[in-house]
Amino acid sequence: MADVNLRALSAPIEALREEVSAAYKRLDTTWSAIADELSRLPIPGTVSCLVRHDPEYEERTYLVWKKHSGVRRLGITTYFEPDETENTSFYDEWSGTQRADMLRHVPELFKEALKRTREFIDETKRIEVDMEGKQ
(Lines give C-alpha, C1' and ligand atoms only; values in the text may rest on other atoms or scores of the structure.)
Protein backbone atom coordinates (compact mmCIF):
# COMPACT_ATOMS: atom_id res chain seq x y z
CA MET A 1 0.00 0.00 0.00
CA ALA A 2 1.33 3.40 -0.93
CA ASP A 3 2.08 5.90 1.81
CA VAL A 4 -0.50 8.65 1.74
CA ASN A 5 -0.06 11.77 3.79
CA LEU A 6 -3.67 12.62 4.54
CA ARG A 7 -2.71 15.70 6.53
CA ALA A 8 -0.87 17.15 3.52
CA LEU A 9 -3.74 16.29 1.18
CA SER A 10 -6.38 17.83 3.42
CA ALA A 11 -4.45 20.98 4.41
CA PRO A 12 -5.50 23.10 1.38
CA ILE A 13 -9.14 22.19 1.97
CA GLU A 14 -8.86 22.83 5.69
CA ALA A 15 -7.44 26.27 4.92
CA LEU A 16 -10.79 27.13 3.28
CA ARG A 17 -12.88 26.28 6.36
CA GLU A 18 -13.69 29.88 7.33
CA GLU A 19 -14.60 30.82 3.75
CA VAL A 20 -16.84 27.76 3.42
CA SER A 21 -18.57 28.63 6.69
CA ALA A 22 -19.12 32.19 5.44
CA ALA A 23 -20.53 30.84 2.17
CA TYR A 24 -23.03 28.65 4.05
CA LYS A 25 -24.03 31.62 6.19
CA ARG A 26 -24.69 33.73 3.04
CA LEU A 27 -26.80 30.95 1.54
CA ASP A 28 -28.73 30.34 4.76
CA THR A 29 -29.45 34.06 5.13
CA THR A 30 -30.66 34.29 1.52
CA TRP A 31 -32.87 31.21 1.74
CA SER A 32 -34.28 32.34 5.08
CA ALA A 33 -35.32 35.63 3.47
CA ILE A 34 -36.94 33.73 0.57
CA ALA A 35 -38.88 31.45 2.96
CA ASP A 36 -39.95 34.44 5.08
CA GLU A 37 -41.24 36.25 2.01
CA LEU A 38 -43.13 33.21 0.73
CA SER A 39 -44.67 32.61 4.16
CA ARG A 40 -46.05 36.16 4.26
CA LEU A 41 -47.77 35.79 0.89
CA PRO A 42 -51.37 34.54 0.54
CA ILE A 43 -50.39 31.44 -1.46
CA PRO A 44 -53.29 28.96 -1.19
CA GLY A 45 -51.36 25.72 -1.63
CA THR A 46 -48.26 23.97 -2.88
CA VAL A 47 -46.32 25.66 -5.67
CA SER A 48 -43.44 24.28 -7.65
CA CYS A 49 -41.26 24.93 -10.65
CA LEU A 50 -39.49 22.37 -12.80
CA VAL A 51 -35.73 22.43 -12.36
CA ARG A 52 -34.77 19.27 -14.23
CA HIS A 53 -36.37 16.65 -16.43
CA ASP A 54 -34.28 13.59 -17.18
CA PRO A 55 -36.14 11.31 -19.62
CA GLU A 56 -33.33 8.74 -19.54
CA TYR A 57 -33.93 8.08 -15.84
CA GLU A 58 -37.65 8.91 -16.05
CA GLU A 59 -37.54 11.59 -13.37
CA ARG A 60 -38.63 15.20 -12.92
CA THR A 61 -37.25 17.45 -10.21
CA TYR A 62 -38.99 20.55 -8.81
CA LEU A 63 -38.21 23.35 -6.41
CA VAL A 64 -41.27 23.40 -4.14
CA TRP A 65 -42.96 25.48 -1.46
CA LYS A 66 -45.28 23.13 0.40
CA LYS A 67 -46.74 22.25 3.74
CA HIS A 68 -45.01 19.49 5.65
CA SER A 69 -46.04 18.53 9.19
CA GLY A 70 -48.16 21.68 9.40
CA VAL A 71 -45.38 24.06 8.33
CA ARG A 72 -44.71 25.46 4.87
CA ARG A 73 -41.18 24.68 3.76
CA LEU A 74 -38.87 24.86 0.78
CA GLY A 75 -37.92 21.55 -0.75
CA ILE A 76 -36.67 19.71 -3.77
CA THR A 77 -39.13 17.06 -4.92
CA THR A 78 -38.24 14.37 -7.45
CA TYR A 79 -40.96 12.31 -9.14
CA PHE A 80 -39.97 8.96 -10.59
CA GLU A 81 -41.97 7.65 -13.54
CA PRO A 82 -43.82 5.52 -14.42
CA ASP A 83 -45.20 4.85 -10.93
CA GLU A 84 -45.01 8.54 -9.87
CA THR A 85 -43.23 7.84 -6.61
CA GLU A 86 -42.02 11.01 -4.96
CA ASN A 87 -39.08 11.98 -2.81
CA THR A 88 -38.77 15.40 -1.15
CA SER A 89 -35.73 16.75 0.62
CA PHE A 90 -36.26 19.93 2.59
CA TYR A 91 -33.82 22.80 2.82
CA ASP A 92 -31.98 21.60 5.92
CA GLU A 93 -31.16 18.38 4.03
CA TRP A 94 -29.74 20.12 0.95
CA SER A 95 -26.05 20.09 0.18
CA GLY A 96 -24.17 23.34 -0.21
CA THR A 97 -24.16 22.99 -3.98
CA GLN A 98 -27.93 22.36 -4.03
CA ARG A 99 -28.47 25.49 -1.92
CA ALA A 100 -26.45 27.53 -4.42
CA ASP A 101 -27.87 25.87 -7.58
CA MET A 102 -31.53 26.23 -6.57
CA LEU A 103 -31.22 30.02 -6.21
CA ARG A 104 -31.48 30.47 -9.98
CA HIS A 105 -34.96 28.90 -9.89
CA VAL A 106 -36.41 31.24 -7.26
CA PRO A 107 -37.86 33.78 -9.76
CA GLU A 108 -39.72 30.95 -11.52
CA LEU A 109 -41.06 29.68 -8.17
CA PHE A 110 -42.51 33.14 -7.45
CA LYS A 111 -44.06 33.25 -10.96
CA GLU A 112 -45.68 29.88 -10.31
CA ALA A 113 -46.94 31.12 -6.93
CA LEU A 114 -48.59 34.08 -8.64
CA LYS A 115 -50.12 31.82 -11.30
CA ARG A 116 -51.45 29.34 -8.73
CA THR A 117 -52.88 32.12 -6.55
CA ARG A 118 -54.71 33.65 -9.53
CA GLU A 119 -56.05 30.21 -10.50
CA PHE A 120 -57.32 29.73 -6.96
CA ILE A 121 -59.15 33.06 -7.06
CA ASP A 122 -60.71 32.20 -10.43
CA GLU A 123 -61.77 28.75 -9.18
CA THR A 124 -63.54 30.24 -6.19
CA LYS A 125 -65.40 32.75 -8.34
CA ARG A 126 -67.13 29.84 -10.06
CA ILE A 127 -68.44 28.43 -6.80
CA GLU A 128 -72.12 29.08 -6.27
CA VAL A 129 -73.46 28.82 -2.77
CA ASP A 130 -77.15 28.17 -2.28
CA MET A 131 -78.01 29.95 0.94
CA GLU A 132 -81.70 29.07 0.69
CA GLY A 133 -81.11 25.43 1.54
CA LYS A 134 -81.95 23.96 -1.88
CA GLN A 135 -80.37 20.60 -2.47
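Structure first, text after, so check above.
Participant: I keep staring at a nonpolar patch on the surface and nothing clicks. Help me out?
Facilitator: Taken together, the side chains of V4, L6 and L9 define a hydrophobic patch exposed on the protein surface, amounting to about 330 Å² of accessible area. For V4, the position within the fold is in the segment before α1 (6-14).

Participant: What's the story with the environment of V64 in this structure? I'm lost.
Facilitator: The topology assignment puts V64 in strand β2 (residues 59-68). It is 10.0 Å that separates the C-alpha atoms of V64 and V51, two residues lying 13 residues apart in sequence. With residues up to four places along the chain from it excluded, the contact list for V64 reads V47, S48, R73, L74, G75, I76, T77 and L109.

Participant: Just checking my understanding: could you explain the side chain of T78 for this structure?
Facilitator: The residue T78 is located in strand β3 (residues 71-80) in this model. Beyond its immediate chain neighbours, meaning those up to four positions away, T78 contacts E59, R60, T61, T85, E86 and N87.

The rules behind each value
Residues numbered from 1 in each chain as written. Predicted model: local features only at pLDDT ≥ 70, side-chain atom pairs only at ≥ 80, totals over all residues. Heavy atoms only, no water. Patch = residues over 30% accessible without salt bridge, like charges linked within 9 Å, V, L, I, M, F, W, Y side chains within 5 Å. Areas by Shrake-Rupley, 256 points an atom, 1.4 Å probe, with all protein chains shown as cover. Salt bridge = Lys/Arg side-chain N within 4 Å of Asp/Glu carboxyl O. Helix = DSSP H or I, 4+ residues; strand = E, 2+ residues; numbered from the N terminus. Contact = heavy atoms within 4.5 Å.

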